[in-house]
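Residues per chain, in single letters:
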Amino acid sequence: MSLDEVGELRAADPDAPETPLAAAAAEPAPARTPGTWAALRPLLLRLHFYAGVLIAPLLLVAATTGLLYAGSWQAERILYADQLTVDRVGASAQPLSAQVGAAADAAPQGTVTAVWPAPEADATTRVIMESPGLAEGETLTVFVDPYTAEVRGQLTTVGDALPLRAWLSEFHASLHLGEFGRNYSELAASWLWVVALGGLALWIGRKRARKAGRAALVAPDRTATGRRKTLSWHGSVGVWIAVGLVGLSATGLTWSRYAGENIGELKDGLGGGTPAVAAKLPGAPASDAGGEHAGHGAAGGTQEAAPAPAAPVDGIGLDGAVAAARAAGVTESLRITLPAQGKGYVLKEQDKQVPVHLDAVSVDPADGRIIDELRFADHPLLAQLTRFGIDLHMGLTFGLANQLALAALAVLVMFMVVWGYRMWWLRRPTKERTLSAGRPQPRGAWRKLPVTLLLPLAAATALVGWFVPMLGISLLVFLAGDLALGFVASKRTAKA
């Protein structure tokens, strides 16, 4: 065993008794220039420690609320079975116009804006309405049996989320604390990838220093005890879930308030914005409304429209629009937006499970002519990857398997946090002092970095901190607090 390995073992378990070899390791050694990893490791250890201690509570909350959200898809099917499913599958469906008429009669206070025909044989049709008294982003959804045109119920919805999932989604995003609450989720998402990648680098570096095999990276050491046992589980499980954590962080930031704006601008600058099908009728004035990628999951604000001609004569009706879209190859899980002033029908596929069906067309309500069509295959690659990432984050892409994977990931994050705090507890300097805390990596790690590494690292940190503001601001707070603690400690030492 080399002296370097002994030093690392000692750092991993500071309460271990001194051995002759460890004592020898403490003797002065000839000065030598440390390698890149040897210089960077203490800084990563200190950053990982502070991020783990201070950000871990937010990660624990995000994992808990995310676990609840992952289970909400199946809970919806049980809780709202009467609204979502029919009693008996009939031989043929009623015309969509008749189904919408039944919904309008059941909710005369609402204004129909969209229709989602039943995507499955035993499913109901959803008629989406704007209704007075609802909060911004909420709609009234009337559920209609497509075979009998019987109204199965009414619910207040947000997008495609029924009340339970809508509540859990907002709980996961902001803890129902409004814009202030969104800062919690953005801060957690901003640090999640830093904690995951930093921990992964430390774990791989530790195993390489010990010349351990690849199996030791992913399999916990069952012979270890105490803190080393906890560290073994913390490190190996971290390897299993690192990719998932980075993916959740990246996709979560697309919904965030500050980093999300920067990501959207970067996507648009790289030509990766999500395109929208054009629905303007020939001769109608141009609309300055934004595209559908204006915000993920956010309700678009109402805009004061310029004077426009009256709504076009609807010669083909809903059923004619559906027939035109199906003839153009848009057939799966349709969502139909009714014509507005100067615009035609917009029919989009919303089947987000693999293989996805996300094509869209717009149809002239007068004669059924296709105004525009947009195939998902023609979206920019960056827009496609964003769509896949968001749907994976929401548990859509692989259905139940996707939701179970998200639930497992959330549970493992909880274990990672608990193991991290347990290691901190076991590292406390005097075990008899039950209220003492674990010791972080010594200060001054950044001053030991060679200039050739310090300058590019500082530039990269500044760039990332600007692009992900919640990460940059909190990192500055950590640094200021650390400097203050160091100043206080030096004053105490001087007085002593």
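See the structure printed just above.
In terms of helices and strands, the chain carries 15 helices and 8 strands. The 496 residues of the chain split such that 40% are buried. Of the contacts formed within the chain by residues at least 6 apart in sequence, a portion of 62% connects residues at least 24 apart. Carbon and sulfur atoms provide 63% of the accessible area of the chain, an area that totals close to 26800 Å².

This part covers the packing of helix H14 (residues 451–467) against helix H15 (residues 469–495). In contact at an axis separation of 5 Å, H14 and H15 are set at 120° when each is read in the N-to-C sense. It follows from the interaxial angle that H14 and H15 lie oblique. Contact with H14, carried on its side by Thr-461, Val-464, Gly-465, Trp-466 and Phe-467, involves Pro-469, Leu-471, Gly-472 and Leu-475 of H15 and no other residues of that element. Across the contact of H14 with H15, the residue classes tally to 6 nonpolar, 3 polar and no charged.

Okay, unusual backbone geometry next. Omega for the peptide link from Val-354 to Pro-355 comes to -5°, which places this bond in the cis form. Tracing the chain through its elements places Pro-355 in the loop between strand E6 (345–349) and strand E7 (360–363). A positive phi is found at Ser-333, a non-glycine position, where the angle reads about 45°. By the secondary structure assignment, Ser-333 is in the loop between helix H11 (317–327) and strand E5 (334–337). Accessibility expressed as a relative area gives 24% for Ser-333, which makes it partly exposed.

A word on helix H7 (residues 178–209). Compared with an ideal rise of 1.5 Å per residue, which puts 32 residues at 46 Å, H7 spans 47 Å between its outermost C-alpha atoms and is within 8% of the ideal. Of the residues flanking the end of H7, it is Lys-211, one or two places downstream, whose phi is positive at about 55°.

It is worth spelling out the environment of Leu-392 at this point. Relative to the assigned elements, Leu-392 resides in helix H12 (residues 381–394). Along the sequence, Leu-392 and Asn-402 sit 10 residues apart, while their C-alpha atoms lie 6.9 Å from each other. The residues touching Leu-392, leaving out its near neighbours within four places in the chain, are Thr-397, Phe-398, Asn-402 and Leu-406.

For strand E3 (residues 139–144), the buried fraction is high: 6 of the 6 residues fall into the buried class. Both faces of E3 are covered, namely the face carrying Thr-139, Thr-141 and Phe-143 and the face carrying Leu-140, Val-142 and Val-144. Pairing between strand E2 (residues 125–130) and E3: 5 bridges, direction antiparallel. Bridged to Ile-128 within E3 is Thr-141. Direction of pairing for E3 relative to strand E4 (residues 151–157): antiparallel, over a ladder of 6 bridges.

What counts, and where the lines are drawn
- Residues take numbers from 1 onward in each chain, read along the sequence in its written order.
- Residue-level local features of this predicted model are given only where pLDDT is at least 70; pairs of side-chain atoms are given and counted only at 80 or more, and the full residue set underlies all totals for whole chains, interfaces and linings.
- To get the side-chain values, all heavy atoms of the structure are used, and hydrogens and water are removed first.
- Labels follow the DSSP assignment, with helices taken as runs of H or I lasting at least four residues and strands as runs of E lasting at least two, numbered in each case from the N terminus.
- Burial classes follow relative accessibility: with a 1.4 Å probe on protein chains only, a residue under 20% of its type's maximum area counts as buried, one over 50% as exposed, and anything between as partly exposed.
- Contacts are assigned to residue pairs with any non-hydrogen atoms lying within 4.5 Å of each other.
- Working definition of accessibility: Shrake-Rupley area with a 1.4 Å probe, residue cover restricted to the visible protein chains.
- Inter-axis angles, ranging from 0 to 180 degrees, are taken between N-to-C directions of lines fitted to C-alpha atoms, where helices are fitted over the stretch in contact.
- Here is the rule for angles: anything less than 35 degrees is roughly parallel, anything more than 145 is roughly antiparallel, 65 through 115 is roughly perpendicular, and the remaining ranges are oblique.
- Gly is placed with the polar residues, together with every amino acid not listed as nonpolar (Ala, Val, Leu, Ile, Met, Phe, Trp, Tyr, Cys and Pro) or charged (Asp, Glu, Lys and Arg).
- Under the convention used throughout, the expected extent of a helix is 1.5 Å for every residue step, that is, one less than its residue count.
- Two strands make a pair as long as DSSP finds a minimum of two bridges between them.

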